[in-house]
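Chain by chain, the residues:
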Amino acid sequence: MFFDKYLKSPKNNTRIEKKVSSVVKHQEMDINIEKTVQDILESAGNPGDLINHGIENNDTLTAAVIYLETLVDGNLVGQHVIEPINKFVRENNGPLSPGQLKLQLSASKSVEIDDLHNAVEKLVSGHALIALNDVKRILAVSLPGFAKRAVEEALTEKLIKGPREGFNETLNDNISMIRRSLKDPNLRLEKKTVGERTKTEIAVIYLQDVANPAIVQEVHKRLEQINIDGILESGYIAEFISDKRLTPFPLVQETERTDRVIAAILEGRVAILVDRSAFNIIVPATSNEFYQVSEDFYFNWITGTGLRIIRAIGTIIAVTLPGFYLSMVSINPELLPPSVVQLEAASRTQVPFPAVVELAITFFAFEVLREASVRFPTNINMILGVGGGIIMGLAAINVGLVSGITVAIVVFCVLATFTTSNPAKEQSWRWIRYILFAAGATFGFVGVISAGVLVLAHMAGLKSFGVSYLAPWGPPIISDMADAPVRIPWWLSYRRPPTYRPRQEDRLGKNEGEDEA
Amino acid sequence: MLQEKTGIGPGLLFMVLYTGLFGYGVMQSPYVAARYMGNNGYWGFFLAFILAVGLIVLLHVLGKKFPQKSIIQYLPDVCGIIPGKILGSLYLLFIIFEITWTSSLIVQQSETYFLFRTPTSVLMLLYLGISAYIAHQGIEGITRLAAFVFPVTFVLIVLSVFFSFQNFELDNIRPIFFIDGAKIPRGTVQMFYPFFALSTVLMIHPYLTDKQQGLKTMLGAALLSFVIIFLVIISAIGNYSAPGVLRYGWPVIEVTRKANLPFLLQTFGLFFTASWLTLTLTATGLFYYVLAEGSAQLLSVLNYKWFTLILFPVIYFVMMLLFSGVIEVHYAFTYYRLIGFVLTLGLPFFVWILSVIKNTG
């Protein structure tokens, strides 16, 4: 179709030629250390936080250490770079070769560079550059020293039982948390840089002997095709690599829980960790996945099953209740029992608006309250959020602007939306609710059903990295279906979900499954 | 991108066929049975099922003969280009009839029970629009939708039918073994219409990944639909008797309303209607897709996605003709079940005979 090129991710295999934003030319370093230092300073724009520490021997510049004090730990530079070089120069009184330099340094992570462009990139990425006299190459040493958040509990996915640690915004910290839990030599980690200006580091993590190679390859391909100046959060990546663009549903799973990522990797899925983002990506993702919480697996399987069912019913109610309520109040009241009709009619006698306007006003008020409460300062959030909501709700009922039933329905729906265990999915249901709302107001009961089928049809057309979004229900994957409404007990869960086409279907790797899901 | 799968497994075929067979078949079945055969009209449906088994075998054989081709593609090989194209057009015309007829059923039912003040043209636009969107998702999307809605709708329908037996009177379905001349055979022809949905297999069989399972899958879907529709007929006639059934415009809804769910909702009929509506919309999406895909293959231009848009005004126009009271259209549709019987059974049989004689496939 004509519009497909705008609405779908690119299907062709042609690699998009990336534009280079940096003005620093690719050129060889000068043999003269002063010229080299000058080139680097000019290329970096000689910023205020740049430190250029020269080490001289008999009034001759022997070495220069250049770094950004806001990104590099100055103490570590002094201790592991400047001090050893000073000592060598004092003791040997001669020129310093790259080999000798490496022997002197006690920093473990260093790389040799002979290109000015690469050198400046390393500098702005938080490396200390060491230039030597009469040497064309320079050494970039990683000694990071920037502010970062400590490992804290995942704010959007809190649990009663389970590990408390959530991801923070530092890629290496996040990788370390995964490695600490998954001590398997088959764990593969491939790093990439995305974003022409932000140079955001991302890491693709999977189990080599479990994850489907086609999916891993596809992940790499889609990441390669990203062409943007800056990546500030994993949401950018998620939007770029999703199979379909015109959909409200999340086609990748974003989470800030480490245990969730580890469980996904064990299932044969691929994790994409993004630097500067506490939310990391798991692919492929099915709709079913958004109703599972790590806690399901930590509690007894009966409790886990109960919680899953509550979550699913909660979502159905949150999405469909306004539409059904409206259809039955304004278009098909004959579908309600007479006692309920009487109750409803009695509560709305003083309300001046039709039900649809009343419900729309109440929903809008709650949406405003919700949006505002996110931005309230923490100390007054509770008071203004809850207090304001209660006072406003009661006042609206008392003056007869809205009925009590309407407020009850709106509050219940807003609360029930949060039973979805993923913020992105919760947001999508939030908007779908209004489609059903409009359908119910226009075509009554039939409208809600029709709109529901429309939404399901849309979901049926979605895929996440080649996996059906409605799996394991559509297509029906019997062995996986058992683990969808119920939480299958661990003593029965000896196979990985075939939905994700793992190379090893058996969790203990006793046999290899076929790729046929 | 990963290779787009355009195949459907036996499970998906089963569910999409069940959706079509049940959705298109159930709503009129007690009425037709009672009208043409009386109190023991269920025999007509039983005999129709036996004929349907023959049709399924025929479809399976044709599927094996032409595993990678749809009927539109192999008709020119078997019959010659011009007759093949004409027969293909006839098949697609029948599909338009199917869509029009069933959409009109949904519209009428919705007008009767839910939206008596909404203009018919708007309702048609709504249903056809949704069906077109479903068709636009392609065979995979349609079958996945059918699979997703299957468990819930199946449970609700079975419960509705089960509870509807509470006022069942055995006398109403008697005499069981009374053969009144040609009533039963004539009724069998009329009662074959639920199996018209099997004609979609002629188009979607090439997408079946495991062709060995085709026969079992089709038989399973037909059997399941048969059992439930059969129970609906028995329940409706058993509750109201044949003359009673004929008094109602929508006996199936009336009979499922017998199942009460006190204090929550007045009747189970609502659940049944919601399930039927879901299944029928999905099935209409399938028929629409078959029509769009068939048109694209017949004319060898564009693809099915374009044809879902191109055919929209055409189907809408035919639907409006039917509803606006054009006498010729009404007259043509009175023969719908008869023409459908001849085409659904006759076309595959004719093609099979010809392919055997000409040794093609």
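A. Broad picture of the overall build of chain B. Broken down by element type, chain B carries 15 helices and 2 strands. Projected onto its principal axes, the C-alpha coordinates of chain B cover approximately 55 × 45 × 45 Å. Taken over 361 residues, chain B has a buried fraction of 56%. Intrachain contacts of chain B at a sequence separation of at least 6 include 83% that bridge at least 24 residues.

B. Looking closely at the overall build of chain A. For chain A, the count of helices and strands is 17 helices and 12 strands. Taken across its 517 residues, chain A has 40% of its residues classed as buried. Pairs at least 24 apart in sequence give 66% of the contacts found in chain A among residues at least 6 apart.

C. Geometry of the confidence of the model for chain B. Per-residue confidence for chain B averages 88 on the pLDDT scale, and 96% of its residues sit at or above 70. This prediction of the complex comes with two scores: 0.86 for pTM and 0.91 for ipTM.

D. Expanded view of the domain arrangement of chain A. Residues and elements named next belong to chain A. When the domains of chain A are assigned, the result is domain 1 (33-142), domain 2 (171-285) and domain 3 (299-464). Spacing between the C-alpha centres of domain 2 and domain 3 amounts to 34 Å. The interface is formed by 13 residues belonging to domain 2 together with 11 residues belonging to domain 3. Of the residues belonging to the side of domain 2 that touches domain 3, the class tally is 8 nonpolar, 2 polar and 3 charged.

E. Seen up close, unusual backbone geometry. Residues and elements named next belong to chain A. Between Ala 471 and the following residue, Pro 472, the backbone shows a cis peptide bond with an omega angle of 10°. The linkage connecting Gly 474 with the following residue, Pro 475, adopts the cis geometry, with an omega of 5°. One non-glycine residue, Asn 46, lies in the positive phi region at around 45°. Tracing the chain through its elements places Asn 46 in the loop between α2 (33-44) and β1 (50-57). Positive phi, normally seen in glycine, also occurs at Lys 199, with a value near 50°. Of note, Lys 199 is situated in the loop between β6 (187-194) and β7 (200-207).

F. How the structure looks around the pairing of strand β2 (residues 60-68) of chain A. Residues and elements named next belong to chain A. Where burial is concerned, most of β2 is hidden: 7 out of the 9 residues are buried. Linking β1 to β2, which pair antiparallel, is a turn of 2 residues; within it Asn 58 sits at a positive phi near 55°. Direction of pairing for β2 relative to strand β4 (residues 127-132): antiparallel, over a ladder of 4 bridges. The residue of β4 that forms the bridge with Ile 66 is Leu 129.

G. A look at the sheet that holds β4 of chain A. Residues and elements named next belong to chain A. The 5 strands lie next to each other as β1-β2-β4-β5-β3, forming an open sheet whose pairing is antiparallel. What marks the edges here is a single partner per strand, and that holds for β1 and β3 (110-113). Sheet twist, expressed as the mean angle between neighbouring strand axes with direction ignored, is 20°. Contacts from α2 reach β1, β2, β4 and β5 (138-142), with the element oriented near 20° to β2. Strands in contact with helix α3 (residues 74-92) are β1, β2, β4 and β5; relative to β2, the strand with the most contacts, it is inclined by about 175°.

H. View of the sheet that holds strand β9 (residues 270-274) of chain A. Residues and elements named next belong to chain A. Spatial ordering of the open sheet is given by β6-β7-β9-β10-β8, a layout of 5 strands whose pairing is antiparallel. Only two strands of the sheet have a single partner each, and these edge strands are β6 and β8 (253-255). Taken pair by pair, the neighbouring strands of this sheet meet at an average axis angle of 25°, ignoring direction. Taken together, the 4 bridges between β7 and β9 define a ladder with antiparallel strand orientation.

I. Molecular detail of the nonpolar core. Ranked by size, the top nonpolar core spans 211 residues in total, and within it Val 270, Ala 271 and Ile 272 of chain A together with Phe 195 and Leu 198 of chain B carry the most contacts. Element by element, the count of residues in this core is highest for helix α16 (residues 423-460) of chain A, at 18 residues. When we break this core down by domain, the ones giving at least three residues each are domain 2 (171-285) and domain 3 (299-464) of chain A. In this structure Leu 198 of chain B touches Ala 52, Leu 55, Ile 56, Leu 59, Met 218, Ala 222 and Thr 344 of chain B, once residues within four positions along its chain are discounted. If you look at the next biggest cluster of nonpolar residues, it comprises 31 residues, including Leu 101, Ile 138, Leu 139 and Leu 143 of chain A.

J. Region of interest: the interface of chain B and chain A. With 32 residues of chain B in contact, the opposing surface of chain A contributes 28 residues. Those elements giving two or more residues to the side of chain B that touches chain A turn out to be α1 (10-25), α6 (120-136), α7 (138-163), β2 (265-267), α12 (269-299) and α13 (304-323) of chain B. Of the residues assigned to the side of chain B that touches chain A, the class counts are 20 nonpolar, 10 polar and 2 charged.

K. Main features of helix α2 (residues 29-37) of chain B. Across the 9 residues that make up α2 of chain B, a large majority, 7, are buried. Positive backbone phi, at 85°, marks Gly 38 of chain B, one or two positions downstream of α2 of chain B.

L. Inspection of the packing of α6 of chain B against α13 of chain B at higher detail. All names here are of chain B. Remark: α6 packs on α13, axes separated minimally by 10 Å, with the N-to-C direction vectors making an angle of 155°. Here α13 runs roughly antiparallel to α6, going by the angle between their axes. Crossing angle aside, the handedness with which α6 passes α13 is right-handed. Contacts between α6 and α13 involve Thr 120, Ser 121, Met 124, Leu 128, Ala 132, Ala 135 and His 136 from the first element and Lys 305, Thr 308, Phe 312, Ile 315, Tyr 316, Met 319, Met 320 and Phe 323 from the second.

M. Just helix α10 (residues 214-247) of chain B, in detail. Under the 1.5 Å per step criterion, the end-to-end length of α10 of chain B is only 41 Å for 34 residues, more than 12% shorter than the ideal 50 Å. The sharpest bend along α10 of chain B comes to roughly 100°, located at Ser 241 of chain B, with the proline Pro 243 of chain B sitting one to four residues further on.

N. Representation of the confidence of the model for chain A within the structure. All names here are of chain A. Here chain A shows a mean pLDDT of 84. Residues at 70 or above account for 93%. Confidence, read as mean pLDDT per element, is least for helix α1 (residues 4-7) in chain A (52) and greatest for β9 (94). Residue range residues 10-16 is modelled with pLDDT below 50. Its contacts to residues more than four positions away, or to other chains, number 5 contacts. Segment residues 511-517 is flagged for pLDDT under 50; beyond a separation of four residues in sequence, or across chains, it makes 13 contacts in the model.

O. Seen up close, the pairing of β1 of chain A. Across 8 bridges, β1 of chain A lies against β2 of chain A in antiparallel orientation. Directly across from Ile 51 of chain A, in β2 of chain A, lies its bridge partner Tyr 67 of chain A.

P. Here's a closer look at the packing of α12 of chain B against α13 of chain B. Residues and elements named next belong to chain B. Their axes nearest at 8 Å, the elements α12 and α13 cross at an angle of 110°. In terms of orientation, α12 and α13 fall into the roughly perpendicular class. Taken as a pair, α12 and α13 cross one another with a handedness that is right-handed. Along its contact with α12, which presents Tyr 288, Tyr 289, Leu 291, Ala 292, Glu 293, Ser 295 and Ala 296, the element α13 presents Tyr 304, Phe 307, Thr 308 and Leu 311. Among the residues making up the contact of α12 with α13, the classes are represented as 8 nonpolar, 2 polar and 1 charged.

Cut-offs and rules
- Residues numbered from 1 in each chain as written.
- Chains lettered and ligands numbered in written order.
- Predicted model: local features only at pLDDT ≥ 70, side-chain atom pairs only at ≥ 80, totals over all residues.
- Helix = DSSP H or I, 4+ residues; strand = E, 2+ residues; numbered from the N terminus.
- Buried ≥ 20, exposed ≤ 12 C-beta atoms within 10 Å, placed from the backbone.
- Contact = placed C-beta atoms within 7 Å.
- pLDDT = per-residue confidence, 0-100.
- Domains from an automatic or database assignment.
- Nonpolar A, V, L, I, M, F, W, Y, C, P; charged D, E, K, R; others polar.
- Pairing = 2+ DSSP bridges.
- Axes fitted to C-alpha atoms, helices over the stretch in contact; angles between N-to-C directions.
- Core = buried A, V, L, I, M, F, W, Y, C linked by C-beta atoms within 7 Å.
- Parallel < 35°, antiparallel > 145°, perpendicular 65-115°, else oblique.
- Left-handed = near helix turned anticlockwise from the far one by under 90°.
- Expected span 1.5 Å × (residues − 1).
- Bend = angle between axes of the 7 residues up to and from the residue.

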